[in-house]
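Single-letter residue listing:
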2 protein chains.
Amino acid sequence: MENELCQYICPVESTLDVIGGKWKGIVLYKLLERPRRFSELKRELPTITQRMLTLQLRELEEDGIVHREIYKQIPPKVEYSLTDFGKTLEPILLAMLTWGGQYTSQIIERRSTRKAQSAS
Amino acid sequence: MENELCQYICPVESTLDVIGGKWKGIVLYKLLERPRRFSELKRELPTITQRMLTLQLRELEEDGIVHREIYKQIPPKVEYSLTDFGKTLEPILLAMLTWGGQYTSQIIERRSTRKAQSAS
DNA sequence: CGGCATCCTCCGGGATACTG
DNA sequence: CAGTATCCCGGAGGATGCCG
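Residues numbered from 1 in each chain as written. Chains lettered and ligands numbered in written order. Predicted model: local features only at pLDDT ≥ 70, side-chain atom pairs only at ≥ 80, totals over all residues. Heavy atoms only, no water.

Per an unreviewed UniProt entry, chain A is named Transcriptional regulator, HxlR family, and its organism is Ktedonobacter racemifer DSM 44963.

This is the structure:
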């Protein structure tokens, strides 16, 4: 993130800069299904910290990918959703979803066997 | 990278884990066009360090995405190319390429104006 | 040419505590 | 509930130098 004056060498780079944050993939995937409250996301991403979830959402918001709707009430309620701009990422997210679905196990196995080898 | 026993929450996550390295996007994009020598990649990615290029290529190699062909000769020549497995990433890379091509300028402008605001 | 090895810096990101 | 504010550590990643 934060490339300021850095010119991108190719478009793939800038795309990854937008969606490549550590938790952005999962967050976007969840928001692709439907809008979610902060606490929902937090619950569905058991290992993320509150702080990181906030930070990642802020970055997505600043890039215009995510909309933050605040309901003035007690207790507070904040709902996150994809903007129209954010929805233009859908083909990419679906492509990643498909690929991951097909090959994740392969990647995991390959990495674990490699690890086993290096231990021998 | 390096998730060992960490279970992925969703497939998008694992996909990003494979292609989400800082330089992997550009490297894959270049290799999608055609195989390249190490020095070619280095030249086309002016800001990457030799060390990082090596590391990123090694990770892609260990994940079975990239093939490393060594030509025994003096001076040495090493050529990198996408494996068949690596080529399964093509739809994702093309989707990212398309998106980036359409919206990169928008992202850059948005980020720069945000920066200008925060300076006021 | 295409690498490792080393050293060192910086900041991503976790833990914890406090607030409207 | 949905955040900020601090503190702090590990590891990503840069610079440099040597090697087959």
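**Examining the UniProt feature "domain: HTH hxlR-type" (unreviewed entry) in chain A**
How we decide: UniProt positions are given in the numbering used here, feature names are shortened, and annotations may be inferred rather than shown by experiment. Every helix listed is a DSSP run of H or I at least four residues long, and every strand listed is a run of E at least two residues long, numbered separately from the N terminus.
According to UniProt, the "domain: HTH hxlR-type" (unreviewed entry) feature falls on residues 10-108 of chain A. For residues 10-108 of chain A, the end-to-end C-alpha separation is 29 Å, with 63% helix and 14% strand making up the annotated structure.

**Here we look at the relation of the copies chain B and chain A**
Inclusion rule: Only residues with pLDDT of at least 70 in both copies contribute their C-alpha atoms to the least-squares superposition of the copies. In this analysis, two residues are considered to be in contact whenever any of their non-hydrogen atoms come within 4.5 Å of each other.
Overlaying chain B on chain A yields an RMSD of 0.1 Å, the required transformation being a rotation through 180° with an accompanying axial translation of 0.0 Å. Given the turn and translation reported, the copies of this chain are related as if by a two-fold rotation axis. The fraction of interface residues of chain B whose copies in chain A are also interface residues reaches 100%, indicating that both copies meet through the same surface.

**Some remarks on the nonpolar core**
This is how the line gets drawn: Throughout this description, the term nonpolar core refers to a set of buried Ala, Val, Leu, Ile, Met, Phe, Trp, Tyr and Cys residues connected via side-chain atoms within 4.5 Å. The cut-offs for exposure are 20% and 50% of the maximum accessible area for each residue type, with area from a 1.4 Å probe on protein chains only; residues under the lower value are buried, those over the upper are exposed, and the others partly exposed.
Ranked by size, the top nonpolar core spans 64 residues in total, and within it Leu28(A), Ile65(A), Trp99(A), Leu28(B), Ile65(B) and Trp99(B) carry the most contacts. Setting aside anything within four residues of it in sequence, one finds Ile65(B) in contact with Trp99(A), Val18(B), Leu28(B), Leu60(B), Ser81(B), Leu82(B), Thr83(B), Phe85(B), Gly86(B) and Leu89(B).

**Comments concerning helix 4 (residues 50-62) of chain A**
Heads up, the condition is: Multiplying 1.5 Å by the helix residue count minus one yields the expected span of that helix.
Its 13 residues place the ends of helix 4 of chain A 18 Å apart at the C-alpha level, agreeing with the 18 Å of an ideal helix rising 1.5 Å per residue. Once helix 4 of chain A ends, the next one or two residues include Gly64(A), with phi positive near 80°.

**Concerning the protein's contact with DNA strand C**
Here is the rule: A cutoff of 4 Å decides nearness: a residue is near a molecule or strand if any of its heavy atoms lies inside that distance of it. Here a polar contact is taken to be a pair of N or O atoms separated by no more than 3.5 Å, where protein atoms must pair a possible hydrogen donor with a possible acceptor and residues adjacent in sequence count only if both atoms sit in side chains.
Taken together, 19 residues form the shell around DNA strand C, and within it Met52(A), Ser39(B), Arg58(B), Arg68(B) and Tyr80(B) come nearest. Ser39(B) is positioned with one of its side-chain polar atoms (N or O) 2.7 Å from a phosphate oxygen of DNA strand C. Note that a sugar or linking oxygen of DNA strand C is positioned 3.3 Å from one of the backbone N or O atoms of Pro76(B). Elements with a contribution of two residues or more to the surface near DNA strand C: helix 4 of chain A together with helix 3 (38-44), helix 4 (50-62) and strand 3 (77-82) of chain B.

**So, the packing of aromatic side chains**
Rules: Two aromatic rings from Phe, Tyr or Trp, using only the six-membered ring of Trp, form a pair when their centres are within 6.5 Å; if the ring planes differ by under 30 degrees the pair is stacked, by over 60 it is edge-to-face, and anything between is tilted.
Throughout the structure, instances matching the rule amount to six aromatic pairs over all chains. Judged by centre distance (5.2 Å) and plane angle (50°), the rings of Trp99(A) and Tyr103(A) are tilted. Here Trp99(A) pairs with Tyr103(A), and both are found in helix 6 (residues 90-119), just four residues apart, close to one helical turn. Like Tyr103(A), Trp99(A) is buried. Pairing Trp99(A) with Phe85(B) gives two aromatic rings, centres 5.7 Å apart and planes at 20°, and the pair type is stacked. Of this pair, Trp99(A) sits in helix 6 while Phe85(B) sits in helix 5 (residues 84-87), each in a different chain. Note on accessibility: Trp99(A) and Phe85(B) belong to one class, buried. An aromatic cluster is present here, built from Phe85(A), Trp99(B) and Tyr103(B) joined pairwise through their rings.

**Let's talk about the pattern of salt bridges**
To be explicit about the condition: Salt bridges are defined by distance alone: a side-chain nitrogen of Lys or Arg within 4 Å of a carboxyl oxygen of Asp or Glu.
Under the definition given, this model contains 13 salt bridges over all chains. Glu40(A) serves as the salt-bridge partner of Arg34(A), at 3.0 Å between the closest nitrogen and oxygen. A residue is classified by how much of its surface remains accessible, and Arg34(A), at 38% relative accessible area, is partly exposed. Overall, the relative accessible area of 19% leaves Glu40(A) in the buried class. The structure contains a network of salt bridges with shared partners spanning Asp17(A), Asp63(A) and Arg111(B).

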